[in-house]
Amino acid sequence: MLIDYKEAAEFLRSHGNYYILLHTSPDGDAIGSGFGLCYILRKMGKNANVLCTDNFPAKYDYMYLNYTPQKFNPDTIISVDLADTKLLGSKLVQYGDYVELCIDHHVSNTEYAKRTLLEPEAAAAAQVIYQLVKAVGLVQLDSMIAQCLYTAIVTDTGCFKFSCTSSKTHLAAAELMTYDIPAAEINRRMFDIKSKARIKIEQHVLNTMEYYLDDKCAIAAVTLDDMKRAGLPDEEFEGMTALTTLLQTIEVGITIRQKDENKYKVSMRATGDIDVSAICQKLGGGGHTKAAGCVVEGKLEDVKLKLLSAVAPALGIDLWLA
């Protein structure tokens, strides 16, 4: 059931012990939204913990270094930035049927929760949380909450470069900056600083990227062996798809990351009018119009062919004539 800000606020005020669920391979929006909401609930006098199947990348540690899990029996399960319970991962899958409230911005949200606060026009789930706080006056924002929400917004907008960025996004970020947050340092952490292993993988991606469909589609594949040779932890892979859209002619950029012998995690990004969420939904995934993902099984070359077969019609190209 879709609900509005007033109904969401009433729900949050009426319960006391919350688990907040994040998706696997958590990105800045998931982590920032999760901890931001956690600190909001604790400020409201509630008990709240953040749960995730996977580890958090170290670059986000300033949001959780002073976070201590509370001891309580949860009576309410919430999710943020989670379009589908398939993304909960092995450690949280048992909560999938018990989500009372989902706060999200994905157009592909399956409405699995009993209540869903959904704003597909929002640039980030954190923008929805910010609008919720402002609309009904849940709490007074503070520097820690502002850092979490700001980080989530800047990462999901590519530092305000992506088309999901709106005037409301800029206004939200501007107000969050008034809470004495180190915005410049956050942006440098998010977009400029990289480990040697990350640089090594990026070099590999640029050196091995393949171009298809009249140079309108780029595919970069990274295997488990590639990750091992570079020494890159799985949680540091976030954001690699941006490299596939560097060529001027590219309309769809794709990264394929091997998860096990015959399973690949796929991320797609569109630079123009192509709806990659619709493409990924046909492959069992989803996401945003301009950024989406799915999981495809098979041998690597077969996975590439499946992806190209799905992308070619959206580009108006006959794959077999390209």
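Position numbers for residues count from 1 along each chain, tracking the sequence in the order it is written. Restriction of local features to residues with pLDDT of at least 70 applies here, the model being predicted, together with a cutoff of 80 or more for giving and counting side-chain atom pairs; totals for whole chains, interfaces and linings are based on all residues. Only hydrogens and water are set aside when side-chain values are computed; all heavy atoms of the structure are taken into account.

### Some thoughts on the packing of aromatic side chains
In this scheme Phe, Tyr and Trp rings, the latter by its six-membered ring, pair at centre separations within 6.5 Å, and the angle between planes marks the pair as stacked below 30 degrees, edge-to-face above 60, and tilted otherwise. Here the structure, examined in full by the defined rule, presents seven aromatic pairs. Between Phe35 and Tyr39 the ring centres are 6.2 Å apart and the planes differ by 35°, which places this aromatic pair in the tilted class. Of the two residues, Phe35 and Tyr39 both sit in helix H2 (residues 28–43), four residues apart, roughly one turn of that helix. The buried label goes to any residue with under 20% of its type's maximum accessible area, the exposed label to any with over 50%, and the partly exposed label to all in between, with areas taken from a 1.4 Å probe on protein chains only. Classification of Tyr39 by relative accessible area gives buried; the value is 14%. Each ring, one from Phe35 and one from Phe56, has its centre 5.6 Å from the other, and the planes form 75°; the classification is edge-to-face. You can see Phe35 sitting in helix H2 and its partner Phe56 sitting in the loop between strand E2 (47–51) and strand E3 (76–80), a full 21 residues away along the chain. Note on conventions: DSSP H or I runs of at least 4 residues are helices, E runs of at least 2 residues are strands, and numbering of each starts at the N terminus.

### Concerning the nonpolar core
Here the nonpolar core consists of buried residues drawn from Ala, Val, Leu, Ile, Met, Phe, Trp, Tyr and Cys, with membership extended through side-chain atoms lying within 4.5 Å. Within the largest apolar cluster, 56 residues are counted, with the highest numbers of intra-cluster contacts made by Leu12, Ile103 and Leu132. Counting residues per element, this core draws most heavily on helix H4 (residues 143–156), at eight residues. In terms of nonpolar packing, the next biggest core, distinct from the first, is built from 27 residues, Ile279, Cys294, Val296 and Leu308 among them.

### A few points about the packing of H4 against helix H5 (residues 167–177)
The axes are straight lines fitted to the C-alpha atoms, using for helices just the contacting stretch, and the angles between their N-to-C directions are given from 0 to 180°. In contact at an axis separation of 9 Å, H4 and H5 are set at 150° when each is read in the N-to-C sense. When the interaxial angle is binned, H4 and H5 end up roughly antiparallel. Judged by the sense of rotation from one axis to the other, the crossing of H4 with H5 is left-handed. Seen from H4, the contacting residues are Ala146, Leu149, Tyr150 and Ile153; seen from H5, they are Thr169, Ala172, Ala173, Leu176 and Met177. Side-chain classes follow a simple rule in which Ala, Val, Leu, Ile, Met, Phe, Trp, Tyr, Cys and Pro form the nonpolar group, Asp, Glu, Lys and Arg form the charged group, and the remainder, Gly included, forms the polar group. In terms of residue class, the contact of H4 with H5 is made up of eight nonpolar, one polar and no charged. Angles are sorted into four bins: roughly parallel if under 35 degrees, roughly antiparallel if over 145, roughly perpendicular if 65 to 115, and oblique for all others. A clockwise turn of the near helix away from the far one marks a right-handed crossing, whereas an anticlockwise turn of less than a right angle marks a left-handed crossing. Here a residue-residue contact requires only that any non-hydrogen atoms of the pair lie within 4.5 Å.

### So, the pattern of salt bridges
Basic side-chain nitrogens of Lys or Arg form a salt bridge, by our definition, when they fall within 4 Å of a carboxyl oxygen of Asp or Glu. Evaluation of the coordinates by the stated rule reveals 12 salt bridges. Of the charged contacts in the structure, one is a salt bridge between Glu100 and Lys114, with a shortest N-O distance of 3.5 Å. Of the two residues, Glu100 is situated in strand E4 (residues 99–104) and Lys114 in the loop between E4 and strand E5 (115–118); the sequence distance between them amounts to 14 residues. Of the residues examined, Glu100 reaches a relative accessible area of 18% and is grouped as buried. Put simply, Asp234 and Arg257 hold a salt bridge, and the shortest N to O gap is 2.5 Å. Placement of Asp234 in the loop between helix H8 (224–230) and strand E8 (252–260) and of Arg257 in strand E8 is noted, with a sequence separation of 23 residues between them. Here the residues in one salt-bridge network are Glu100, Lys114 and Arg115, joined through shared partners.

### What to know about the packing of H4 against helix H6 (residues 183–191)
The N-to-C vectors of H4 and H6 enclose an angle of 45°; their axes lie 11 Å apart at closest approach. Put simply, H4 runs oblique to H6. Crossing of H4 against H6: the hand is right-handed. Across from Gln147, Tyr150, Thr151, Val154 and Thr155 in H4, the residues of H6 making contact are Ala183, Ile186, Asn187, Met190 and Phe191. Looking at side-chain class alone, the contact of H4 with H6 contains six nonpolar, four polar and no charged residues.

### Section: the sheet that holds E3
At least two DSSP bridges between two strands are needed for those strands to be called paired. Strand order in the open sheet made by the five strands is E2-E1-E3-E4-E5, with parallel pairing throughout. Of all the strands in the sheet, just E2 and E5 have a single pairing partner and so form its edges. Across the sheet, the axes of successive neighbouring strands diverge by a mean angle of 20°, strand direction being ignored. Both strand E1 (residues 17–21) and E3 contribute to a ladder of four bridges, which runs parallel. From the neighbouring strand, Tyr19 faces E3, where its bridge partner is Ile77. Its contacts with the sheet place helix H3 (residues 125–136) against E3, E4 and E5, and it is angled at close to 105° to E4.

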